[in-house]
Amino acid sequence: MRKLIPLCAALIAILLLSVATTAQTPVVTAEAIQQANLRRATSIDSDIMGNIVAGTRYPVVGRSALFPWILLGDLTTSQPIGWVFRDIVTIQGDLNSVPVTEMEVGAAPAGQPTAALPAPGITPTASQLLAATASQLLAATATASVPPTIAAPTGVTGTVLGEINIRYGPGVEYPRVGVGFAGESFQIVAYHTQFPWAQIVYSASPTGFAWVSVDLIEITGNLFSLTPVSQTSFNLPTLTPTPSPVDIVSGIDGSVSPEFRALGESLWEMMQTASFDPATSRLGGFYLKNLQTGEALALGDEFAFSGMSLNKIAILTALYRLLDRPPDDPTALTIAEAMVCSENISTNEMLAMMGGGNPYEGANRVSEFLQSIGLQRTFIFTPYANDPFITPQAPRTRITDVNQQAAQPDPFNQITVSELGALLDGIYQCGYGTDSPLLSQTNGAFTPDECRHILNTMSYNKIGNFIESGTASGVKVAHKHGWIEDTHGDAAVVFSPGGAYVFVIVLHNPSYLEFAESEPIVEEGARLVYNYFNPDAPLGEVRPPDVDGTCNLLASPVVAEMQLFELSE
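Residues numbered from 1 in each chain as written. Predicted model: local features only at pLDDT ≥ 70, side-chain atom pairs only at ≥ 80, totals over all residues. Heavy atoms only, no water.

Thoughts on the overall build of the protein chain
Note the following rule: Secondary structure elements are defined from DSSP: runs of H or I of at least 4 residues count as helices, runs of E of at least 2 residues count as strands, and each element is numbered from the N terminus. Burial classes follow relative accessibility: with a 1.4 Å probe on protein chains only, a residue under 20% of its type's maximum area counts as buried, one over 50% as exposed, and anything between as partly exposed. A contact between two residues is defined here by any heavy atoms of the two lying within 4.5 Å. All accessible areas in this document rest on Shrake-Rupley with a 1.4 Å probe, and a residue is counted as covered only by the protein chains that are shown.
Each helix and strand in the protein chain was counted, giving 13 helices and 24 strands. Looking at the protein chain residue by residue over its 569 residues, the buried ones come to 51%. By sequence separation, contacts in the protein chain at least 24 residues apart represent 65% of the contacts at least 6 residues apart. Accessible surface for the protein chain amounts to roughly 25,400 Å². Of this, 55% is attributable to carbon and sulfur atoms.

Comments concerning the environment of glutamate 368
Tracing the backbone shows glutamate 368 in helix H8 (residues 359-372). With eleven residues separating them along the chain, glutamate 368 and phenylalanine 379 place their C-alpha atoms 8.3 Å apart.

Some points on the sheet that holds strand S18 (residues 296-299)
Pairing between the strands of a sheet comes from backbone hydrogen bonds, and it takes one of two forms, parallel or antiparallel. The cut-off we apply is this: Any two strands with at least two DSSP-identified bridges between them are counted as paired. Between N-to-C directions, angles span 0 to 180 degrees; the directions come from axes that are lines fitted to C-alpha atoms, helices contributing only their stretch in contact.
If you trace the six strands from one edge of the open sheet to the other, you get S16-S18-S17-S24-S23-S22, paired in antiparallel fashion. The strands lining the two open edges of the sheet, one partner per strand, are strand S16 (247-250) and strand S22 (476-483). The average angle at which neighbouring strand axes cross in this sheet is 15 degrees, direction not considered. Pairing between strand S17 (residues 283-290) and S18: four bridges, direction antiparallel. The residue bridging leucine 288 from the neighbouring strand is leucine 297, located in S18. Each of S16, S17, S18, S22, strand S23 (487-496) and strand S24 (499-508) is contacted by helix H9 (residues 417-432), which is oriented at about 160 degrees to S24, the strand it contacts most. The strands touched by helix H12 (residues 515-533) within the sheet are S17, S22, S23 and S24, with S24 carrying the most contacts at an inclination of about 160 degrees.

Re the pattern of salt bridges
Stated formally: Salt bridge, as used here, is a side-chain nitrogen of Lys or Arg placed within 4 Å of a carboxyl oxygen of Asp or Glu.
Applying the stated criterion to the full structure yields 13 salt bridges. The salt bridge involving glutamate 517 is made with arginine 282; its shortest N-O contact spans 2.9 Å. Within this pair, whereas glutamate 517 is found in helix H12, its partner arginine 282 is found in the loop between helix H4 (258-273) and S17, the two being separated by 235 residues in sequence. With relative accessibility at 15%, the residue arginine 282 sits in the buried group. With a closest N to O distance of 3.1 Å, aspartate 324 and arginine 325 form a salt bridge. Arginine 325 gets classed as exposed once you look at its relative accessible area, which sits at 55%. Each of the salt bridges in this network shares a partner with another, and the network as a whole consists of Asp301, Arg377 and Asp401.

A look at the nonpolar core
The cut-off we apply is this: By nonpolar core is meant a set of buried Ala, Val, Leu, Ile, Met, Phe, Trp, Tyr and Cys residues that side-chain atoms within 4.5 Å join together.
In terms of nonpolar packing, the biggest core is built from 61 residues, with Val366 and Phe446 touching the most fellow members. Excluding anything up to four places from it in sequence, valine 366 contacts Ala314, Ile315, Ala318, Leu351, Met354 and Ile380. In terms of nonpolar packing, the next biggest core, distinct from the first, is built from 50 residues, Leu71, Ile88, Tyr168 and Ala190 among them.

Examining the side chain of serine 518
Checked against the element boundaries, serine 518 lands in helix H12. With residues up to four places along the chain from it excluded, the contact list for serine 518 reads Phe466, His488, Leu507 and Leu513.

A look at the environment of leucine 72
Looking at the element boundaries, leucine 72 is found in strand S5 (residues 69-73). Between the C-alpha atoms of leucine 72 and valine 84, which are twelve residues apart in sequence, the distance is 7.4 Å. Filtering out sequence-adjacent residues up to four positions away, leucine 72 remains in contact with Ala30, Leu38, Ile52, Tyr58, Pro59, Val60, Val61, Gln79, Pro80, Ile81, Gly82 and Val84.

Brief notes about the sheet that holds strand S19 (residues 305-306)
As summarised here, the arrangement of the three strands in space is S19-S21-S20, forming an open sheet in which the pairing is antiparallel. Both edges of this open sheet fall to S19 and strand S20 (379-380), since each of them pairs with a single strand only. Sheet topology places S20 next to strand S21 (residues 413-415); two bridges connect them, and they run antiparallel. Looking across to S21, one finds that isoleucine 380 is bridged to asparagine 413.

Notes on helix H6 (residues 329-339)
Turn by turn, an α-helix covers 3.6 residues, leaving residues three or four places apart pointing in a common direction. Looking at H6, one finds that the buried residues are Thr331, Ala332, Thr334, Ile335, Ala336, Ala338 and Met339. Buried residues along H6 sit against helix H5 (312-322), helix H7 (344-354), helix H11 (448-458), S22 and helix H13 (558-562).

Overview of the confidence of the model for the protein chain
To keep things clear, this is the line we draw: Confidence of the predictor at the level of single residues is captured by pLDDT, which takes values from 0 to 100.
Across the protein chain, the average pLDDT comes to 84, with 86% of residues at 70 or higher. Residue range residues 1-25 is modelled with pLDDT below 50. Its contacts to residues more than four positions away, or to other chains, number twelve contacts.

Quick word on the state of the cysteines
Let me state the cut-off plainly: Any two cysteine sulfur atoms within 2.5 Å of one another count as a disulfide.
Taken as a whole and assessed by the stated rule, the structure comprises two disulfides. Here cysteine 341 is linked by a disulfide to cysteine 551, with a sulfur-sulfur distance of 1.8 Å. Between cysteine 341 and cysteine 551, the disulfide has an S-S torsion of -70 degrees and is therefore left-handed. Pair noted here: cysteine 341 is in the loop between H6 and H7 and cysteine 551 is in the loop between H12 and H13, with a separation of 210 residues, a long-range link.

Points about the packing of H9 against H11
Packed helix pairs are specified by the crossing angle of their axes together with the interaxial distance, meaning the distance between the axes. Here is the rule we go by: The labels follow the angle: roughly parallel below 35 degrees, roughly antiparallel above 145, roughly perpendicular from 65 to 115, and oblique for the rest. Each crossing is labelled by how the near helix is turned from the far one, with a counterclockwise turn of less than a right angle marking it left-handed and a clockwise turn marking it right-handed. In this classification, Asp, Glu, Lys and Arg are treated as charged, Ala, Val, Leu, Ile, Met, Phe, Trp, Tyr, Cys and Pro as nonpolar, and every other residue, Gly included, as polar.
H11 packs onto H9 with a crossing angle of 125 degrees between their chain directions and a minimal axis gap of 7 Å. On the basis of their axis angle, the class for H9 and H11 is oblique. Viewed along their axes, H9 and H11 form a crossing whose handedness is left-handed. Here Leu424, Ile427, Tyr428, Cys430, Gly431 and Tyr432 of H9 lie close against H11, whose contacting residues are Pro448, Cys451, Arg452, Ile454, Leu455 and Met458. In the contact of H9 with H11, the residues fall into ten nonpolar, one polar and one charged.

Below, the structure is given as structure tokens:
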């Protein structure tokens, strides 16, 4: 103990001297109101660097000139440890005296190496104290080095019974900060005295806490042994908005026009309003491309969806790769039955044509063709079901770099919205443009006439709903629809008066998707897109069905047109 006395005396002397010489430099500190996350940058979506709790004051070493965020420093070194939203901390001192910065934590100034940042809240050593300034010593002494960590275990947990929304406050009127899935367990730290909601530890929330309805969780332990909360106002930081999930796929210099971007946002808002949200198990996606400008947007492209009958577009395209002349009568009829009437047995006959009589081998060759033109996430490895003429065999599958669980896709028949859209774009460019992988990457297997034939055949697919209903009467819609119990979709090239475009949309609901839920979204989405391209003659409302749903090839010229070398378009 005697050896520590000189050290303590030295520390006190240094402290007094430093205070005397720096008394005119005020210290600005911040303390969490309850708990707050420290972020790498001034956004609730940036990486979490740590968290702080009430009872510890941290030096404020920077402030943003653009957003209400402040940069906190380490207790002993004042090195930046993370940004925190101003509304969830209390500030002591004049914040205007703090320098303005927009730096990201962990990023070194230009021309300097990145320094290793000290972990927040580490107890200072004697050598650190000796080297510290008076303000740092005062901050370290006043806070007693309380480590910033999450709430101590309470012994009370909540297990999610089904998919639930996790909210910023105790009520459905508060913004969602996350989604809980069946079986997930969260630590409960408090209960609300007026509403049947429980507060949980949730790192994705700006404060590190969030709320769940007690009716939607199974509680283990005594909920009412925890802290009661009667606060009824929980203000969510809103300055830095959550980035839109709509991605720019292509555009001029990597961007799209504000108007085109707004169209994509309108489609997303419509889907979100109908609760088709990529953050949940009830999700959807779309791909939209302006074939005049090259601008393209996508939503939900990180998910694999069941290929359904939409993948018949790939099958038809792969078959045309092998044809060196227009199809004969039987082949043309088979194609029409598959693409116009959506007959699965006829589709399997197309696969068998490509597989030397074996539809499984034909499916493999379709997938190989897709890979050859750069489509890695779209594949089909099995014939379509309910075909009594096929001897079943074990099909292949493929692991891709997208989420192959969320939308419960068929393991042997999958698409992504962007790749299906890219295939339609490639067919259009092959037929009506020049820049297409079907022309550049297939050793002359395709001609523009063949690509125009593919789209022309698809334009005879008349179902009276989906994208057709969101398009003006008489407009050519080359599309293929598809649906199974839990997933519905449509994919089209629309030759509208105001310009051609590609539109692909897919919706998924676990277990079962009602047409009453999917049809309005697909049709209204198609109408919004059509009106964007045709502002001088917009479609006032979705068109009612104009066909009876039957497929009569005897009255259709599609078979005869397939056998023409050139189409009169």
